[in-house]
Amino acid sequence: MTAEAVTSPSSPVLPPESAGSPLPGVAGPSLSPSRAADFKTCPLLFRFRTIDRLPEQPTRDQVRGTLVHAVLERLFDLPAADRTPEAAASLVAPQWERLAAEEPALSVLFEAGAATEEVVSLETFLTSATGLLDGYFAVEDPRRLEPAERETLVSTLVNDELLIRGYIDRLDVSPAGDLRVVDYKTGGAPREAFEGRALFQLKFYALVLWRTRGVVPRVLRLLYLKDAEVLDYSPESDELERFERTLVALSQAIERAKQDKDFRPKPSRLCGWCSHKEFCPEFGGTIPPYPDRPVTALPLTAIPVTSAVDD
């Protein structure tokens, strides 16, 4: 499916309640790509984020990813002929102002002594975001695209009780009805050994689309803006069936851990990015008491702060 062959359908494929919110009346377990990845990476990290809900100060890399995602979403609001590198660059400052207004704490990242990261000026930060947009234009021409959907929440029920849901950066639909799921990554392209981790999120979306629309996406595409690289993958239905069973098993493992209140650390090189080492026994910390409040699903935001690890 070539970029120029992609067009927008005349009407939404999903009904509004499925496309814009979790399925109504579902009270069972739910799983998003990020929370599933947390549990696979480290059960204790999953607990800290989902059950304890410990606060995390986003890094500049994470916020830069969120900013670039916002710019690319707004870029497609412009007429096709106006989607130029210059137009994208002009969106950086206004989108930053919007994000900072919605979450004033983000401005702390640029105050001396307010974070452990090296002090960087806001101007330098915005320039670095513009540089990532150059990587986008090196791999794609948005003037030849009309995405069907952008930043769309998709969800479905599997195994009669597990709600899986998440936001798709962009969905392209060809005139023949072929689907292409596109995800923007502002980090570097992973080595071959880590491609599976990068594709986990997109397989998650492919499964939801298959179950809700009856069509297996033709292409799952990762756009690595930092390196100006494209990774395409074409899933098969039998592969998605196996992936569905994997998600059900993962959800069951999470529910057992909740019942037993047993979330163990899983040390790896990814510990270097963890914000909660002070509470982790692997680093001499003490795990907080298990919360007494019932565990409910965390809300999904339209433009979440991207993960430095996933991105």
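Everything quoted here is computed from the prediction, not taken from an experiment.

Asks: Sorry if this is basic, but what is going on with the packing of aromatic side chains here?
Replies: Pairs of aromatic rings are described using the distance from one ring centre to the other and the angle between the two planes. By the definition in use, this model includes nine aromatic pairs. Pairing Phe 46 with Phe 263 gives two aromatic rings, centres 6.0 Å apart and planes at 15°, and the pair type is stacked. Here the residue Phe 46 occupies a position in helix H3 (residues 43-51), and Phe 263 occupies one in the segment after helix H8 (237-260), the gap between them amounting to 217 residues. Relative accessible area serves as the criterion here: at 3%, Phe 46 is assigned to the buried category. Taking relative accessible area as the criterion, Phe 263 reaches 5% and is therefore assigned buried. Taken together, the aromatic side chains of Phe 39, Phe 46, Phe 263 and Tyr 290 make up a single cluster linked through ring pairs. Positioned above the aromatic ring of Phe 283 is the side chain of Lys 277, whose terminal nitrogen or guanidinium carbon lies 6.0 Å from the ring centre.

Asks: Just to check I follow, could you spell out the environment of Arg 180 for this structure?
Replies: Relative to the elements of secondary structure, Arg 180 occurs in strand E4 (residues 179-185). Linking Arg 180 and Tyr 233, residues 53 residues apart in sequence, is a C-alpha distance of 9.9 Å.

Asks: When you look at the confidence of the model for the protein chain in this model, what are you seeing that I'm missing?
Replies: Interpretation of this model should avoid reading the predicted coordinates in detail wherever pLDDT is low. Model confidence for the protein chain is summarised by a mean pLDDT of 84, while 81% of its residues fall at 70 or above. Of all secondary-structure elements in the protein chain, the lowest mean pLDDT belongs to helix H1 (residues 16-20), at 33, while helix H5 (residues 85-102) reaches the highest, 97. Confidence over residues 1-23 falls short of pLDDT 50; this stretch has 54 contacts with residues more than four positions distant or in other chains. Predicted confidence is poor over residues 297-311, with pLDDT under 50, and the contacts of this stretch with residues over four places away or in other chains come to 44 contacts.

Asks: Please explain the pattern of salt bridges as it appears in this structure.
Replies: For side chains bearing opposite charge, pairing can occur when the charged atoms are close. Under the counting rule described, the total for this entry stands at 22 salt bridges. Residues Arg 143 and Asp 141 are paired through a salt bridge, measuring 3.0 Å at the closest nitrogen-oxygen approach. Asp 183 is the salt-bridge partner of Lys 185, the closest N and O atoms lying 3.0 Å from each other. Each of the two residues, Lys 185 as well as Asp 183, counts as buried. A single salt-bridge network, built from bridges that share partners, covers Arg 35, Asp 38, Arg 49 and Glu 56.

Asks: Just checking my understanding: could you explain the pairing of E4 for this structure?
Replies: Looking along a regular strand, one sees the side chains alternate between the two faces of the sheet. Burial runs high along E4: seven of the seven residues are buried. Across the two faces of E4 the burial is the same, with Leu 179, Val 181, Asp 183 and Lys 185 and Arg 180, Val 182 and Tyr 184 all buried. The loop that links strand E3 (residues 162-173) with its antiparallel partner E4 comprises five residues; one of these, Gly 177, has a positive phi angle of about 95°.

Asks: When you look at the pairing of strand E6 (residues 229-233) in this model, what are you seeing that I'm missing?
Replies: Bridging between strand E5 (residues 219-224) and E6 involves five bridges; their strand directions are antiparallel. Along E6, the bridge assignment pairs Tyr 224 with Glu 229. Between the end of E5 and the start of E6, which pair antiparallel, lie four residues, with Ala 228 showing a positive phi angle near 55°.

Asks: For this particular structure, what's the right way to read unusual backbone geometry?
Replies: Only a minority of non-glycine residues have a phi that is not negative, and only a minority of peptide bonds are not trans. At Asp 160, a position not held by glycine, the phi torsion is positive, near 70°. With respect to the helices and strands, the residue Asp 160 is situated in the loop between strand E2 (149-158) and E3. What makes Asp 160 exposed here is its relative accessible area of 73%. Unlike most non-glycine residues, Ala 228 shows phi in positive territory, near 55°. Structurally, the position occupied by Ala 228 is in the loop between E5 and E6.

So, how was this worked out
Residues numbered from 1 in each chain as written. Predicted model: local features only at pLDDT ≥ 70, side-chain atom pairs only at ≥ 80, totals over all residues. Heavy atoms only, no water. Phe/Tyr/Trp six-rings, centres within 6.5 Å; stacked < 30°, edge-to-face > 60°. Helix = DSSP H or I, 4+ residues; strand = E, 2+ residues; numbered from the N terminus. Buried < 20%, exposed > 50% of the residue type's maximum accessible area, 1.4 Å probe, protein only. Lys NZ or Arg CZ within 6 Å of the ring centre and 35° of its normal. pLDDT = per-residue confidence, 0-100. Contact = heavy atoms within 4.5 Å. Salt bridge = Lys/Arg side-chain N within 4 Å of Asp/Glu carboxyl O. Pairing = 2+ DSSP bridges.

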